[in-house]
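Next come the chains, spelled out residue by residue.
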Amino acid sequence: MTTLTLTKHHGLGNDFLVLFDPPDVDHALLATQLCNRHTGLGADGLLLAHDAEGYAAKMTLYNADGSRAEMSGNGIRCFAQAVAARRGDLGPQLILTDAGDRVVVLASTDDEHTILAQVEMGEVGVIDEPLGWAALACHPDRPVAHLTMGNPHSIVGVDEVAVVDLADLGGKVPHVNLEIVEPGPESNAITMRVHERGAGITFACGTGACASAYAAAQWGLATPIDGEVVVHMDGGSAIVRFSPETPTFAVLTGPATHIATIQVPLQ
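1. Considering the side chain of His153
Point 1. Of note, His153 is situated in strand E11 (residues 152-157).
Point 2. Judged by its relative accessible area of 0%, His153 is buried.
Point 3. Polar side-chain contacts of His153 include one of 3.0 Å to the side chain of Asn151.
Point 4. Discounting residues that sit within four places of it in the chain, His153 has contacts with Ile127, Ala145, His146, Leu147, Val176, Asn177, Glu179, Cys205, Thr207, Gly208 and Ala211.

Below, the structure written as structure tokens:
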């Protein structure tokens with residue numbers, strides 16, 4: 001019987017399994033089996049690592065439901081931590097993803113299981129309103145943005161994220177990542193909750209943090225300090241930076257924590 005060796009990590013509570021040199025099986029099915037929180041190991045997604053010439057590694061992401069996603073800001077930090085452990089150094093990494101090249105710079109922390117990672121997340125772009133958006137019945141005066149970070153996001157400004165039925169709203173547009181944001185509590189910060197495509201409500205979303213920070217700054221909900229917006233999420237906080245020279249290019253900084261190394265038989 002084939003045994004798989006995986007590592008489990010989380011970025012602000014958004015958890016992932018990392019598997020190097022995956023076997024030639026149905027990877028979507030493998031993701032649903034391994035990510036199941038009752039009958040598997042449990043995770044929001046499965047990250048597959050492949051060798052790629054000129055890169056530290058190639059990252060392929062499958063959501064917990066088996067769907068494939070282009071990119072994950074928390075996931076790539078977890079992926080980079082696994083790559084660093086495998087090669088034995090914290091040097092910069094160029095990672096190939098379905099959304100293109102991403103540069104990750106790592107730093108150690110006081111916790112031997114946690115690293116801090118800065119990821120060049122790429123350009124924020126505008127996309128069309130997703131199919132079925134009208135079902136959310138947003139008030140016309142409410143700020144709304146539909147953006148891409150290599151994957152699709154719809155961001156809605158609200159008065160208080162805690163009182164919104166996010167599961168209901170996210171279920172109306174399951175093919176997009178839905179973020180709700182409120183200003184503060186600091187002047188350069190927003191508070192965000194997310195319903196992720198393929199995973200449901202998660203503790204954090206890195207690409208969503210970038211898209212939401214950009215939208216919030218455009219709306220005036222947050223005033224960046226030195227180009228930085230702090231994004232508070234259920235699992236913790238990340239920093240998104242936009243420089244004056246590249247005002248639509250997002251750089252995301254946040255932690256990644258190694259939880260466990262696990263061996264599991266391939267069923």
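2. Points about the packing of aromatic side chains
Point 1. Applying the stated criterion across every chain yields a total of 1 aromatic pair.
Point 2. Between Arg86 and the ring centre of Phe20, over which it is positioned, the NZ or CZ distance is 4.3 Å.

3. Structural notes on the pattern of salt bridges
Pairing between side chains becomes possible if they bear opposite charge and their charged atoms approach one another.
Point 1. Under the criterion given, the structure shown has 9 salt bridges.
Point 2. For Asp21, the salt bridge is made with Arg86, and the minimal N-O distance between the two is 3.3 Å. You can see Asp21 sitting in the loop between strand E2 (14-20) and helix H1 (27-35) and its partner Arg86 sitting in helix H2 (residues 73-87), a full 65 residues away along the chain.
Point 3. What makes Arg86 exposed here is its relative accessible area of 54%.
Point 4. The residue Glu70 makes a salt bridge to Arg197 at a minimum N-O spacing of 2.6 Å. Here Glu70, found in the loop between strand E5 (68-69) and H2, pairs with Arg197, found in the loop between strand E13 (189-196) and strand E14 (200-202); they are 127 residues apart in sequence, far enough to count as distant.

4. A few points about the pairing of strand E17 (residues 249-265)
Point 1. With 8 bridges connecting them, strand E1 (residues 3-11) and E17 associate as antiparallel partners. For Thr5, the partnering residue across the bridge sits in E17 and is Gln263.
Point 2. Pairing of strand E8 (residues 114-123) with E17 involves 9 bridges; the strand directions are antiparallel. Considered in E17, the bridge of Val119 is made with Leu252.
Point 3. Examined bridge by bridge, strand E16 (residues 236-241) and E17 share 3 bridges and lie antiparallel to one another. Looking at E17, one finds that Ile239 is bridged to Thr253.

5. Regarding H2
Point 1. The end-to-end C-alpha distance of H2, which contains 15 residues, comes to 21 Å, matching closely the 21 Å that a straight helix rising 1.5 Å per residue would cover.
Point 2. Within H2, 12 of the 15 residues are buried, which leaves the element mostly enclosed by the surrounding structure.
Point 3. Among all positions of H2, only Gly73, Asn74, Gly75, Ile76, Arg77, Cys78, Phe79, Ala80, Gln81, Ala82, Val83 and Ala84 are buried.
Point 4. At the N-terminal end of H2, a side-chain oxygen is found 2.8 Å from the backbone nitrogen of Gly75, two or three residues along, and the residue is Ser72.
Point 5. Immediately beyond the C-terminal end of H2, within one or two residues, lies Gly88, with a positive phi of roughly 80°.

6. Side note on the nonpolar core
Most often, soluble globular proteins have nonpolar side chains that are buried together.
Point 1. Of all hydrophobic cores here, the largest spans 53 residues; its most connected members are Phe79, Val231 and Val240.
Point 2. For Val231, the contacting residues outside a window of four places in its chain are Ile190, Met192, Ala209, Ala213, Gly236, Ser237, Ala238 and Val240.
Point 3. Listed in part, the 13 residues of the second largest apolar core include Leu4, Leu30, Ala31 and Val264.

Procedures and definitions
- Here the residue numbers are simple positions, counted from 1 along each chain's written sequence.
- Given that this is a predicted model, residues contribute local features only at a pLDDT of at least 70 and side-chain atom pairs are listed and counted only at 80 or more, while totals for whole chains, interfaces and linings are drawn from all residues.
- Side-chain measures here rest on the full set of heavy atoms in the structure, leaving out hydrogens and waters.
- Going along the chain from the N terminus, every DSSP run of H or I of four or more residues is numbered as a helix, and every run of E of two or more is numbered as a strand.
- Partly exposed residues are those whose accessible area sits between 20% and 50% of the maximum for their type, while under 20% is buried and over 50% is exposed, using a 1.4 Å probe and protein chains only.
- Contacts described as polar in this section are N or O atom pairs within 3.5 Å, which, within protein, must combine one atom able to donate a hydrogen with one able to accept it, while residues neighboring in sequence count only if both atoms come from side chains.
- Here, residues are in contact when the closest pair of their heavy atoms is within 4.5 Å.
- Within 6.5 Å between ring centres, the rings of Phe, Tyr and Trp (the latter by its six-membered ring) count as paired, and their orientation is classed by plane angle as stacked under 30 degrees, edge-to-face over 60, tilted in between.
- Criterion for a charge above a ring: Arg CZ or Lys NZ at most 6 Å from the ring centre, at most 35 degrees from the ring normal.
- Any carboxyl oxygen of Asp or Glu within 4 Å of a side-chain nitrogen of Lys or Arg constitutes a salt bridge here.
- Two strands form a pair only when DSSP identifies at least two bridges running between them.
- To estimate how far a helix should reach, multiply one less than its number of residues by 1.5 Å.
- Side-chain atoms within 4.5 Å are what join buried Ala, Val, Leu, Ile, Met, Phe, Trp, Tyr and Cys residues into a set we call a nonpolar core.

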